[in-house]
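# Structure assessment
So the chains spell out like this:
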Amino acid sequence: MAEETQSTGVDFPEADGGRSTSAFGRAVVGDALDPLDPVGARSARGETSWRSGYLLHFRRLVEAGIGRPEGAVASVRAGLDSVAGRMVWRGGGLDRLDRRGGLDRRQGREPHGGETTLAAALDQPAETPDTLTVEGSGEPARELAIPYRGRLLAGSDLAAQLDRWEEDGVLEPSAAAAVRDVAVNPDWLSLRGRTVVALGAGSEIGPTPVLLDWGATVAGVDLPREQLWSRVVAQAAASAGRLLVPLHTPGGAPDTGRAGLDLLTDLPRVAAWVDALDGDDLVLGNYVYADGGTNLRLSAASDALATRLTARRPDTVLAFMATPTDVFAVPPEAVAQSVRNYETRGRVARGPGRMLRGMTGGRLLARAYLPGADPGICDSLVPQQGPNYALGKRIHRWRATAERAEGRRTSMNVAPPTRTRSVVKNKALAAAYAGAHRFGVEVFEPDTTRVLMAALLVHDLMTDPPRADEPWQAEARDAVHGGLWRAAFAPRSALGLAAVLGYGGLR
């Protein structure tokens, strides 16, 4: 699928006379599959309907690595190398790019269209932007409190809700235990001594306002939009924290009209600004999102920034929120609860379910796992979100796995299904979320997700993770999947019915 892109900045490579997101996706997924499944790699590269056919190949990326930890790490590194080698910076550079996305360093040739790799673009000198600093005047939070259905849960109320979520299979027990740890250690909340660089500082479920309320220092990067920064700056001024914001134009009094940088067109300046931040204990949090191919370009840009930053400041911690609508290997305990839910579903549900499975060749209301699967495969990919969204989020997971393989601290937690603006503007997704509770899946409101995931970030930064023998085990730890992993039915087999049942609620 072709994507209209800007003339300068981060972009897809040119192939077959255009800049195709599908060609890019097929190539990257094929490269990532090469170390694990050469046959699958050829299949991905030859996929003629990438917009719908990507689902199978993204599942293969997970399945092929199970029981092969070294191969799984080799796969994610191959995928990351492919992204870095193929995505281009348009608007200047020293090296020519050939049509396959590789560098052509033949002497005597001018750069093709002014294109270079993102790494080469980041190596060029860039002006360091000025900074707007906002010192909050509020009092820091004294305890962890999570908003939930009109209440603010803290203390015993929060503990009871965590017990209910755990019993209902809404989150993994390790996630409940992590939040309990933070609740009994409120001095962790301010992240004293750390600066969190929030890419996508204005994100609806990003941690920026929560961390500021807890007294943390946040260096926020987001688009130069005055309305966005007026909101974020007002939150910071009323908080107990400290906000740092890059300014896109030099000189004059710092104000929200000059705040913000675009990661796609200002990447070298973002890198220069982050490089200049004080302190050794940086956290680079990736909370960016956009529609279509722009989301994938943002993921590539932020990964290039992360690669550069960790090379220059090795103690930097990378942080991500993984989407629940992806493919995950899940522990046998999750499989066992799903199997129990399937086997104990009511008699009323059994008859219609059997009929629907028969009428659709098993596509509707299929059981999630075979009993005893270890691990199980939870395939929650949503076709409506598309391959660009899936690959953008997979890049985050790949980077977290690569960092952990190098022995570096990383925070990557699965966030719950959430009624964000980007979801509810899609009527089919909004309807499916409205009807999801009928199939054992809880969909969260943004204010709950925001605080819950910020608490898990704090836990990751303040404690040492347990050892994981395989990458999938580290990914499964502390997951808040809303019940997708432990529900009776395979997610996509229930999605259509959930949407039908949810349309009435939307009206």
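### Quick look at the packing of helix H1 (residues 21-33) against helix H2 (residues 38-45)
Across the interface, H1 lies against H2 with an axial gap of 8 Å and an inter-helix angle of 175 degrees. The pairing of H1 with H2 is recorded here as roughly antiparallel in orientation. Judged by residue contacts, Arg 26, Val 29, Gly 30, Asp 31 and Leu 33 of H1 engage Pro 38, Gly 40, Ala 41, Ala 44 and Arg 45 from H2.

### Brief notes about H2
In an α-helix, one full turn covers 3.6 residues, which means residues spaced three or four apart are oriented alike. Every buried residue of H2 is listed here: Gly 40, Ala 41 and Ala 44. In a view along the axis of H2, the buried residues occupy a sector of 105 degrees, so they form one face of it. More than 90 degrees from the buried face of H2, the exposed residues found are Val 39 and Arg 42. For H2, the elements touching its buried residues are H1 and helix H3 (50-63).

### A short note on the sheet that holds strand E2 (residues 88-90)
A sheet is described by the order of its strands in space; here three strands give the open sequence E1-E2-E5, paired in antiparallel fashion. The sheet is open, and its two borders are formed by strand E1 (9-11) and strand E5 (115-117), each paired with just one other strand. Each strand of the sheet is rotated relative to its neighbour by a mean of 40 degrees, with strand direction disregarded. Bridge analysis of E1 against E2 gives three bridges, and the strand direction is antiparallel. When the bridges of E2 are listed, Asp 11 appears paired with Val 88.

### Quick look at the pattern of salt bridges
Scanning all chains against the criterion turns up 29 salt bridges. Notably, a salt bridge pairs Glu 172 with Arg 486, separated by 2.9 Å at the nearest N-O pair. Of this pair, Glu 172 sits in the loop between helix H6 (155-168) and helix H7 (173-183) while Arg 486 sits in the loop between helix H18 (471-476) and helix H19 (491-506), placing them 314 residues apart in sequence. The two residues Glu 172 and Arg 486 agree in class, both being buried. Each of Asp 11, Arg 19, Arg 90 and Glu 115 takes part in a single network of salt bridges with overlapping partners.

### Description of the sheet that holds strand E12 (residues 282-286)
On the basis of which strands lie adjacent, the open sheet formed by seven strands has the order E6-E11-E10-E9-E12-E13-E16 and mixed pairing. In this open sheet, the two edge strands, each paired with only one partner strand, are strand E6 (131-135) and strand E16 (410-414). For this sheet the average axis-to-axis angle between neighbouring strands, irrespective of direction, equals 20 degrees. Judged from the three bridges that link them, strand E10 (residues 217-221) and strand E11 (residues 242-246) form a sheet pairing that is parallel. If you follow Thr 217 over to E11, its bridge partner there is Arg 242.

### A few points about helix H14 (residues 386-405)
Look at H14: 29 Å from first C-alpha to last across 20 residues, which is about the 28 Å you get at 1.5 Å a residue. Most of H14 is tucked away: 18 of the 20 residues are buried. Gly 407 sits one or two positions beyond H14 and adopts a positive phi of about 80 degrees.

### Some remarks on unusual backbone geometry
The step from Asp 374 to Pro 375 runs through a cis peptide bond, and the omega angle for that step is -5 degrees. Assignment of secondary structure puts Pro 375 in the loop between helix H13 (347-359) and strand E15 (376-379). Here the phi dihedral of Arg 149 falls at roughly 50 degrees; this positive angle occurs in a residue that is not glycine. Phi at Asp 478 takes a positive value of approximately 65 degrees, unusual for a residue other than glycine. Position of Asp 478 relative to the elements: it lies in the loop between H18 and H19. On the accessibility criterion, Asp 478 (5% relative accessible area) is buried.

### Thoughts on the nonpolar core
Soluble globular proteins tend to bury their nonpolar side chains together. Membership of the largest hydrophobic core comes to 85 residues, with the highest contact counts inside it found for Leu 391, Trp 398 and Trp 485. Other than its neighbours up to four places away in sequence, Trp 485 contacts Glu 172, Phe 328, Val 330, Pro 331, Ala 334, Ser 338, Tyr 369, Cys 378, Val 414, Glu 475, Ala 476 and Ala 479. In terms of nonpolar packing, the next biggest core, distinct from the first, is built from 55 residues, Leu 153, Leu 158, Ala 216 and Tyr 287 among them.

### Description of the side chain of Thr 256
By the element assignment, Thr 256 lies in the loop between E11 and helix H10 (267-275). Contact partners of Thr 256, with chain neighbours within four places excluded, come to Glu 226, Trp 229, Ser 230 and Val 233.

### Some words on the confidence of the model for the protein
Across the protein, the average pLDDT comes to 91, with 91% of residues at 70 or higher. Taken as a whole, residues 93-112 scores under 50 in pLDDT and shows 38 contacts with residues more than four places along the chain or in a different chain.

### Some details on the packing of helix H4 (residues 69-86) against H14
Running from amino to carboxyl end, H4 crosses H14 at an angle of 125 degrees, the nearest separation of the two axes being 9 Å. Between H4 and H14, the interaxial angle falls into the category oblique. As for how H4 packs across H14, the hand of that crossing is left-handed. Taking contact as the criterion, the partners of Val 73, Val 76, Arg 77, Gly 79, Leu 80 and Val 83 in H4 are, on H14, Ile 395, Trp 398, Arg 399, Thr 401, Ala 402 and Ala 405.

How each quantity is defined
Residues numbered from 1 in each chain as written. Predicted model: local features only at pLDDT ≥ 70, side-chain atom pairs only at ≥ 80, totals over all residues. Heavy atoms only, no water. Axes fitted to C-alpha atoms, helices over the stretch in contact; angles between N-to-C directions. Helix = DSSP H or I, 4+ residues; strand = E, 2+ residues; numbered from the N terminus. Parallel < 35°, antiparallel > 145°, perpendicular 65-115°, else oblique. Contact = heavy atoms within 4.5 Å. Buried < 20%, exposed > 50% of the residue type's maximum accessible area, 1.4 Å probe, protein only. Arc of directions from axis to C-beta. Pairing = 2+ DSSP bridges. Salt bridge = Lys/Arg side-chain N within 4 Å of Asp/Glu carboxyl O. Expected span 1.5 Å × (residues − 1). Core = buried A, V, L, I, M, F, W, Y, C linked by side-chain atoms within 4.5 Å. pLDDT = per-residue confidence, 0-100. Left-handed = near helix turned anticlockwise from the far one by under 90°.

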